[in-house]
Amino acid sequence: MESYLKENFEVEPKNPTEEALKKWRSAVWLVKNPRRRFRMVADLAKRAAAEKKRRKIQEKIRIALYVQKAALQFIDAANRTERKLSEEVVQAGYDIEPEDLAYIVRSHNNKTYDFHGGLQGLARKIKVSLRDGVLSGDISKRQQIFGYNQFVEKPQRPLWMFIWDALQDMTLIILMLCAVISVGVGIATEGWPKGMYDGLGIILCILLVVVVTAVSDYKQSLQFKDLDKEKKNIIIQVTRDGTRKKVSIYDLVVGDIVHLSIGDQVPADGIFIDGYSLTIDESSLSGESEPVNIDKKRPFLLSGTKVQDGSGKMLVTSVGMKTEWGRLMVTLSEGGDDETPLQVKLNGVATIIGKIGLAFAVLTFLVLTTRFILMKFIRNELGKWYMNDGLEVLNYFAIAVTILVVAVPEGLPLAVTLSLAFAMKKLMNDRALVRHLSACETMGSATCICTDKTGTLTTNHMVVTRLWVAGETKDVKSKEKLKSSISEKVLTILLQSVFLNTNSEIVKDETGKTNIIGSPTETALLEFGLLFQSNYNQEMKNMKIVKVEPFNSVKKKMSVLVAVSNGKLRAFCKGASEIILNMCDKIMNEDGEIVQMSEKQRKSITDVINGFACEALRTICLAFRDLENGSTSDNNNNNDIPESNYTIIAVVGIKDPVRPGVKEAVKTCLDAGIMVRMVTGDNINTAKAIAKECGILTADGLAIEGPVFRDKTDEQLKDIVPRIQVMARSLPLDKHKLVTFLRNELKEVVAVTGDGTNDAPALHEADIGLAMGIAGTEVAKENADVVIMDDNFKTIVVVARWGRSVYINIQKFVQFQLTVNVVALMTNFVSACTSGSAPLTAVQLLWVNMIMDTLGALALATEPPHDGLMKRPPIGRDVNFITKIMWRNIIGQSIYQLIVLGVLQFNGKSLLNLNGPDSTAVLNTMIFNTFVFCQVFNEINSRDMEKINVVNGMFDSWVFMLVMVCTVTFQIIIVELLGTFASTVPLSGSLWLFSVLMGAVSLPFGAFLKCIPIESSSTHHDGYEPLPRGPDMA
């Protein structure tokens, strides 16, 4: 079975090939209900059509953007006149039609833009202040006139459509036809109402199965819809009511002032207001990879594009479906998501079992029909056929079709969807947003987590605690003491460096309280600056920022060029301490005078940096340089910021404490066979100190710097990579190289965290990309499989637990369902061969099918994870899904149930002392009842495939308990009250007790089975690789 599955039903968890997707689809055979079975499977034809449509739209956009100098465009712009305002727009108080406003950015035409008065003119027409932004009271009015920032999505399918889908099951349709014929023939032969009971019973049971199935599918679809909306929800920074605040992308309105920085997605069409070095990647919209520089001459920003570099502010001019991105988004959702490896594998299992089931169904029908004809031949009645004979053959056909209903485990692939939907919902509550379903499965196999330090292992609440300035190291405790120890000249330059060279913004909220909006490092520096000068604007208003080079993870520095009051230029630079120190050749003494830096002083500063780093402080170096006559000697361009000859101002040490619980979470990973590696851009001493505090860096582990790692050959990497626990001063490319090497050379399953735009390649390359929800850019989130909403390492461990839980839960369900399949098939087949009748009727088999399919999946596939899952190694990459332990349990339980049912079938009357005219009906009811209770207790048995204590934690799983109670309750109703439809008779208390006891015996029998040793292999029973044992491997 496993070789067949690997050959035909194997797909990659990430970016599977079109060929692999087509291969397994063509291998699937005997699908009862394609509409339901393939509901969560990508529609390749639709996807191809959507891709074609998307390319057409992209080409139109590309022509609009890059071929806009064509004569027609100019003619259109020259002849364009302002259309008459509609009454609705006039009443709202605006001076421009929404279509005209949208056209300005969409056309990218400066003449149309100038025709409307440029930026100021547009701001006046849409009644917004470029300084204070939109007023909160105007938002609903703006949404009414200009539209909502939402795209047209497929409406949620109503419940009746899921009922209709469930009714498309070919076997159920055949059964309903049989039931209708049965009702007609039954009434004709046995009269009303007795003749209709058998057929009506089948119809009612089919309706029950359909409704339960449809409700389960409908609830799943609602969960996916909610998660999908959450995935697309982006938090945007805007200026409203004169203050800066965060809003959802869905709440954005025309007139909003949006703040953009590196890695952001442009949330709507708009006009550039101001900014520095703003570069936009428009490839998602136009297909063109060349980045576009945005400035006052080319001010048009398009929704859906990405900020590649720089920062800026924009005025929103059109939202939602009035943007080109809105039209493109409609095509992106077509075709659905790729199916997960487990879904594909279980489609394969269902195909194999379906083939076996079909053979048994045909054989059962042939045996029953042959016996019936033989009996007529023996009685010399072969030439005489009555209505009852036709009804009998029809009943045989219904039983054969019902065996097929039970035998084809349509619920197997759908159980994966159910389990994943449940896991995704729970992970959302645990602050993890799963973007790709397959990540839930793959995380259970993770053998290595490459994690960032800042914000993931640490709290990201940074405070400046140490300061080196003018040759002295100081503690930042008392503001007055610190201020008195620094000369006025030095303090002025220090504060200029802090307040001018920043990407963050100091704002006041509605209550007048000062808030800082920006990264935690910037926030810590600005808070430090505010200790000395609360009126920061007074100092800064005499200076004009000429150019900004924002921080990026490659250069590890940020620079700014400012025009000071005397007309000269001054450059400020800050960043990684050793990098900035290498750019400096001068130092400020305690009087604020600039002197040449001696080698002794350079060594002293290096010692200070290392000293701060060894205290687990993040070190930032601040420097400046005055440029003679407003130019740099390094180059000819006046606006280029120099790269050398700086004067060092200060080194600050920033404390970022380790998050509570991280050390325990790292230990949990190590116990679970998951190696944790820290990859950070920080100083190596800071990284080592934090890594030791977290329990990541051990005595035999290796800490390495990015530049050293980069220079290693592949042979050297094979030796050192298994021991690397910390990589400091790393570039995003180093992270990508490490991930690629771990996956391709060492065959590890790698989870990697990332937050920056440059982390996107590593997130895409990893088996599981984990983006940070708070610190992460939109580019990073788009390339990730899971978004860690609270940026906490503990949440990553929760994802790993759920990943393992999904895999194990599906294995439990498969074990349970295969046992029911084997017993139901063999019981009916053997009975048909020996006695000429099937003990389980069509209605009873339909009820059993619901127990093992929908209800079984609900009970077993949604069990929450337990701590034991993280005390075993990860699931192997290429392991057998149905393991030897599972086969032992399936075969053992099947043998027990077949013996019990066989004894009842052939010797039940004497064993149970059944006499009288209804003894056969009582016996058949007993067989049915015992069979159901065997499944109920086997469901409990399946909760753990190896441990004897299967009830541990059972009462904590309310879904499991609810399913158990519902199953037993409905079984009592069927036997005691619905006998007319289900072909059962009420049972005495002693017979009920006997049925329950026979089912309950499967618990101790299951415990006995688990004591039977299974030939040990290199993998654990459920595909887990064993942890190393013994003192040498500890």
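Thresholds applied
- Residues numbered from 1 in each chain as written.
- Predicted model: local features only at pLDDT ≥ 70, side-chain atom pairs only at ≥ 80, totals over all residues.
- Heavy atoms only, no water.
- Helix = DSSP H or I, 4+ residues; strand = E, 2+ residues; numbered from the N terminus.
- Buried < 20%, exposed > 50% of the residue type's maximum accessible area, 1.4 Å probe, protein only.
- Areas by Shrake-Rupley, 256 points an atom, 1.4 Å probe, with all protein chains shown as cover.
- Lys, Arg positive; Asp, Glu negative; His and termini not counted.
- Charge placed at Lys NZ, Arg CZ, Asp CG, Glu CD.
- Pairing = 2+ DSSP bridges.
- Axes fitted to C-alpha atoms, helices over the stretch in contact; angles between N-to-C directions.
- Contact = heavy atoms within 4.5 Å.
- Arc of directions from axis to C-beta.
- UniProt positions renumbered as here; feature names shortened; annotations may be inferred.
- Right-handed = clockwise from strand over helix to strand, strands pointing away.
- Core = buried A, V, L, I, M, F, W, Y, C linked by side-chain atoms within 4.5 Å.
- Salt bridge = Lys/Arg side-chain N within 4 Å of Asp/Glu carboxyl O.
- Parallel < 35°, antiparallel > 145°, perpendicular 65-115°, else oblique.
- Left-handed = near helix turned anticlockwise from the far one by under 90°.
- Nonpolar A, V, L, I, M, F, W, Y, C, P; charged D, E, K, R; others polar.
- Expected span 1.5 Å × (residues − 1).
- Phe/Tyr/Trp six-rings, centres within 6.5 Å; stacked < 30°, edge-to-face > 60°.
- Lys NZ or Arg CZ within 6 Å of the ring centre and 35° of its normal.

1. Some points on the overall build of the chain
Logical step 1: A count of helical and extended segments in the chain gives 40 helices and 26 strands.
Logical step 2: Taking the principal axes of the C-alpha coordinates as reference, the chain spans close to 120 × 80 × 50 Å.
Logical step 3: For the chain, with 1034 residues in total, the buried portion stands at 55%.
Logical step 4: Only carbon and sulfur atoms are counted for the fraction: they give 57% of the accessible area of the chain, which is about 43500 Å².
Logical step 5: Computed over 116 positive and 114 negative side-chain charges, the inter-centroid distance for the chain is 1 Å.

2. Considerations on the sheet that holds strand β22 (residues 702-705)
Logical step 1: The mixed open sheet is built from 8 strands, whose spatial order is β8-β26-β25-β24-β9-β21-β23-β22. Strands with a single pairing partner mark the edges of an open sheet, and in this sheet they are β8 (432-434) and β22. On average, each strand axis in the sheet is inclined to that of its neighbour by 20°, with strand direction left out of account.
Logical step 2: Here 3 bridges tie β8 to strand β26 (residues 786-788), and the two strands are oriented antiparallel to one another. If you follow Leu433 over to β26, its bridge partner there is Val787.
Logical step 3: Its contacts with the sheet put helix α30 (residues 732-744) on β9 (448-451), β21 (675-679), β23 (724-728) and β24 (750-754), and the angle it makes with β24 is roughly 170°.

3. Regarding helix α2 (residues 18-27)
Logical step 1: Ala20, Leu21, Trp24 and Ala27 are the residues of α2 that are buried. The arc that holds the buried residues of α2, viewed along the axis, is 135°, so those residues lie on one side. Opposite the buried face of α2, at more than 90 degrees from it, the exposed residues are Glu19 and Ser26.

4. Some remarks on the UniProt feature "transmembrane region" (unreviewed entry) in the chain
Logical step 1: The feature "transmembrane region" (unreviewed entry), as annotated in UniProt, sits at residues 170-189, 195-215, 352-374, 394-423, 890-908, 920-937, 958-979 and 991-1009 in this numbering.
Logical step 2: When the span residues 991-1009 is considered, its composition is 95% helix and 0% strand, and the gap between its end C-alpha atoms is 27 Å.

5. Some remarks on the pairing of β24
Logical step 1: Judged by how many residues are buried, β24 sits mostly within the fold: 5 of 5 residues are covered.
Logical step 2: Neither face of β24 is open: one carries Val750, Val752 and Gly754, the other Ala751 and Thr753, and all of them are buried.
Logical step 3: Here 3 bridges tie β9 to β24, and the two strands are oriented parallel to one another. The residue of β24 that forms the bridge with Ile449 is Ala751.
Logical step 4: Bridge count between β24 and strand β25 (residues 768-772): 4 bridges; the pairing is parallel. Note on β25: the bridge partner recorded for Gly754 is Ala771.
Logical step 5: At this point the chain moves from β24, through helix α31 (residues 760-765), to the parallel β25, and the crossover so formed is right-handed.

6. Concerning the nonpolar core
Logical step 1: Counting 165 residues, the largest nonpolar core has Leu175, Met443, Ile768, Phe793, Ile810 and Val814 as its most contacted members.
Logical step 2: Examining the composition of this core, we find that 19 residues originate from one element, helix α33 (residues 793-835), more than from any other.
Logical step 3: Discounting residues that sit within four places of it in the chain, Phe793 has contacts with Ile449, Thr451, Thr456, Leu457, Val662, Ala665, Val666, Cys669 and Val676.
Logical step 4: Within the second largest apolar cluster, 52 residues are counted, among which are Tyr250, Leu252, Phe272 and Val307.

7. With respect to the pattern of salt bridges
Logical step 1: Taken as a whole, this structure holds 33 salt bridges when the rule is applied.
Logical step 2: A salt bridge links Glu782 to Lys306, with the nearest nitrogen and oxygen atoms 3.3 Å apart. Of the two residues, Glu782 is situated in helix α32 (residues 778-782) and Lys306 in strand β7 (residues 306-318); the sequence distance between them amounts to 476 residues.
Logical step 3: For Lys306, a relative accessible area of 10% gives the class buried.

8. Considering the packing of helix α18 (residues 411-429) against α33
Logical step 1: Contact pair α18 / α33: the axes reach a minimum separation of 10 Å and the direction vectors enclose 155°. Between α18 and α33, the angle is such that the two are roughly antiparallel. Crossing geometry of α18 relative to α33 is assigned as right-handed. On α33, the residues that touch Gly411, Leu412, Ala415, Val416, Ser419, Leu420, Phe422, Ala423, Lys426 and Leu427 of α18 are Val798, Val799, Trp802, Val806, Asn809, Ile810, Phe813, Val814 and Gln817.
Logical step 2: A breakdown of the residues in the contact of α18 with α33 according to their chemical character gives 14 nonpolar, 4 polar and 1 charged.

9. What about α30?
Logical step 1: With 13 residues, α30 extends 18 Å from end C-alpha to end C-alpha; this agrees with the ideal 18 Å at 1.5 Å per step.
Logical step 2: Those residues of α30 not exposed but buried are Pro732, Asp734, Lys735, Leu738, Val739, Phe741, Leu742 and Arg743.

10. Quick look at unusual backbone geometry
Across the chain, the bulk of peptide bonds are trans and the bulk of non-glycine residues have phi less than zero.
Logical step 1: In this structure, Asn460 takes a positive phi of about 70° despite not being glycine.
Logical step 2: Note on placement: Asn460 falls in the loop between β9 and β10 (463-469).
Logical step 3: In this model, Arg729 sits at a positive phi of 45°, which is unusual for a non-glycine residue.
Logical step 4: By the secondary structure assignment, Arg729 is in the loop between β23 and α30.

11. Focus: the packing of aromatic side chains
Logical step 1: In the structure shown here, the tally under the stated rule is 12 aromatic pairs.
Logical step 2: Ring geometry for Tyr807 and Phe881: centres 5.6 Å apart, planes at 85°, overall edge-to-face. Taken together, the positions of Tyr807 in helix α33 and Phe881 in the loop between α34 (842-860) and α35 (884-911) put the pair 74 residues apart, joining distant regions of the chain.
Logical step 3: The class of Phe881 is buried, set by a relative accessible area of 1%.
Logical step 4: Feature note: the residues Tyr896, Phe1005 and Phe1008 constitute an aromatic cluster, connected by ring pairs.
Logical step 5: Above the face of the Phe709 ring, Lys737 is positioned so that its terminal group lies 5.5 Å from the ring centre.
Logical step 6: Here the guanidinium or amino end of Arg943 rests over the ring plane of Phe960, the centre of that ring lying 5.5 Å away.

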